[in-house]
Amino acid sequence: MWLLPSIQNVLTIRSRSDWDRPQVLQYQKAQLQDLLQHLWKESPFYRDYYSSHGICESDLDEIGVRDLPIINKEILMENFDRISKDPLLRRDAIESWIHSGAPGIYANRYVILHTSGSSGTLGIFAYDKRAWCRARGVTSRAGSTRVNPFNRVRLAWYGATHGRFAGVTACSTLPRSMCRVALCSVLDPLSTTIAKLNDFQPENLFGYAAAIHELALASLAGKLKISPRFVTTSGERQTEEARTAIREAWGVTPTNAYGTSESLCIGLQLPGHEEITLMEDENHIEILDDANREVAPGEVGRVIVSALYNRAIPVVRYD
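Residues numbered from 1 in each chain as written. Predicted model: local features only at pLDDT ≥ 70, side-chain atom pairs only at ≥ 80, totals over all residues. Heavy atoms only, no water.

A word on the nonpolar core
Next up, step 1: Counting residues in hydrophobic clusters, the biggest one holds 51 residues, and the most contacted among them are Y46, Y50, L68, L76 and I112.
Next up, step 2: Of all elements in the fold, only α2 (21–42), α3 (44–52), α4 (73–78), α5 (91–100), β1 (111–114), β2 (124–127), α6 (129–139) and β11 (302–307) reach the threshold of two or more residues within this core.
Next up, step 3: Looking at this core, the element that brings in the most residues is α2, giving five residues.
Next up, step 4: Sequence-distant contacts of L76, defined by excluding residues within four places in its chain, comprise F45, Y46, I71, I83, F125, I313, P314, V315 and Y318.
Next up, step 5: Counting 21 residues, the second-largest nonpolar core is a separate cluster that includes C184, L197, F200 and L205. (Core = buried A, V, L, I, M, F, W, Y, C linked by side-chain atoms within 4.5 Å. Buried < 20%, exposed > 50% of the residue type's maximum accessible area, 1.4 Å probe, protein only. Helix = DSSP H or I, 4+ residues; strand = E, 2+ residues; numbered from the N terminus. Contact = heavy atoms within 4.5 Å.)

This is how it looks when you write it as structure tokens:
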């Protein structure tokens, strides 16, 4: 799906690899100002919400992200039908489409992601073609994907497959001219997954950290007989025990991705790096304490994210 725009975004975003900090911040600022202008014209909710906090249209070129009010999932879902002027982006219609189990993309225009709803509120997020291809370009920085229509990479996902969650949707919507994809559910018996992967022989293996750890242990026990060249985990913390088991099982050092339904790629563990690199050219990320003050280096806080690349259902200063 959307192969050529995805490749264009991969090349564009990889060209930024040598940017210094001032270049990233300058680009980030320009992205934010462009997004705010879009929201003021195209989003009744954001325009009214910002106005209620004393922000005027004339302020948009001067204000920074810290001048904007924070929102959360409850606020966004309560006002979902006023976020976009597009009549396709209405909460009841999208929820009905999600529950129908219909394949593909919504109305042939939007990739829909949702949260698990474990907090009591189901978060729904839409990506148009531009945003989805941009997110693909960001995730390509991990270096575990390649494009060769004459030798399509075999890619397997092991995680939740029963909904439109970020990981499974990112894998299942990859262009078939680029990849062959196997989706393995964590709800299936482990023996079923082992048999499927032994038959498929994935070159790239993606999934939840604990789930991939389980596969590595099965490989060490001689039950799973695969040799992936790239292993990437997401969805939860990658433990040292998991990293050790993966290295011992397959001779590769796993990378780690930090993504959410709200913003598909917030951070990546890039090749040769131990830490996760924040993708700050396409996201503005704040770590705040309970009083909404930035925490000091080394302190723990909560993530406030602004996905600067998505115009469909934008998230700006989202807690």
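After that view of the structure, there is still more to cover.
Examining the packing of α2 against α3
Next up, step 1: One can describe the packing of α2 onto α3 by two numbers: an axis separation of 6 Å at closest approach and a directional angle of 105°. By the angle between their directions, the pair α2 and α3 is classed as roughly perpendicular. Facing L36, L39, W40, K41 and E42 of α2, the residues of α3 in contact are P44, Y46, R47, Y50 and S51.
Next up, step 2: Tallied by class, the residues present in the contact of α2 with α3 amount to six nonpolar, one polar and three charged. (Axes fitted to C-alpha atoms, helices over the stretch in contact; angles between N-to-C directions. Parallel < 35°, antiparallel > 145°, perpendicular 65-115°, else oblique. Nonpolar A, V, L, I, M, F, W, Y, C, P; charged D, E, K, R; others polar.)

Let's talk about the side chain of R136
Next up, step 1: You can see R136 is positioned in helix α6.
Next up, step 2: Here R136 sits buried without a salt bridge, and the closest side chain of opposite charge, D128, lies 12 Å off (N-O distance).
Next up, step 3: Only 2.3 Å separates the side chain of R136 from the backbone oxygen of T173, close enough to count as a polar contact. (Lys, Arg positive; Asp, Glu negative; His and termini not counted. Salt bridge = Lys/Arg side-chain N within 4 Å of Asp/Glu carboxyl O. Polar contact = N/O pair within 3.5 Å; in protein donor to acceptor, adjacent residues only side chain to side chain.)

So, the sheet that holds strand β3 (residues 153–159)
Next up, step 1: With mixed pairing, seven strands are arranged side by side in an open sheet as β4-β3-β5-β6-β7-β8-β9. At either end of the open sheet lies a strand with only one pairing partner, and these are β4 (179–185) and β9 (277–278).
Next up, step 2: Pairing between strand β8 (residues 267–268) and β9: two bridges, direction antiparallel. Following the sheet pairing, L268 is matched in β9 by T277.
Next up, step 3: Sheet contacts for helix α9 (residues 209–220): β3, β5 (204–208) and β6 (230–234); angle to β5, the most-contacted strand, approximately 125°. (Pairing = 2+ DSSP bridges.)

Points about the environment of S172
Next up, step 1: On the secondary structure map, S172 appears in helix α7 (residues 166–172).
Next up, step 2: Linking S172 and Y318, residues 146 residues apart in sequence, is a C-alpha distance of 27 Å.
Next up, step 3: Engagement of the side chain of S172 in a polar contact is seen with the backbone oxygen of T169, the distance being 3.3 Å.

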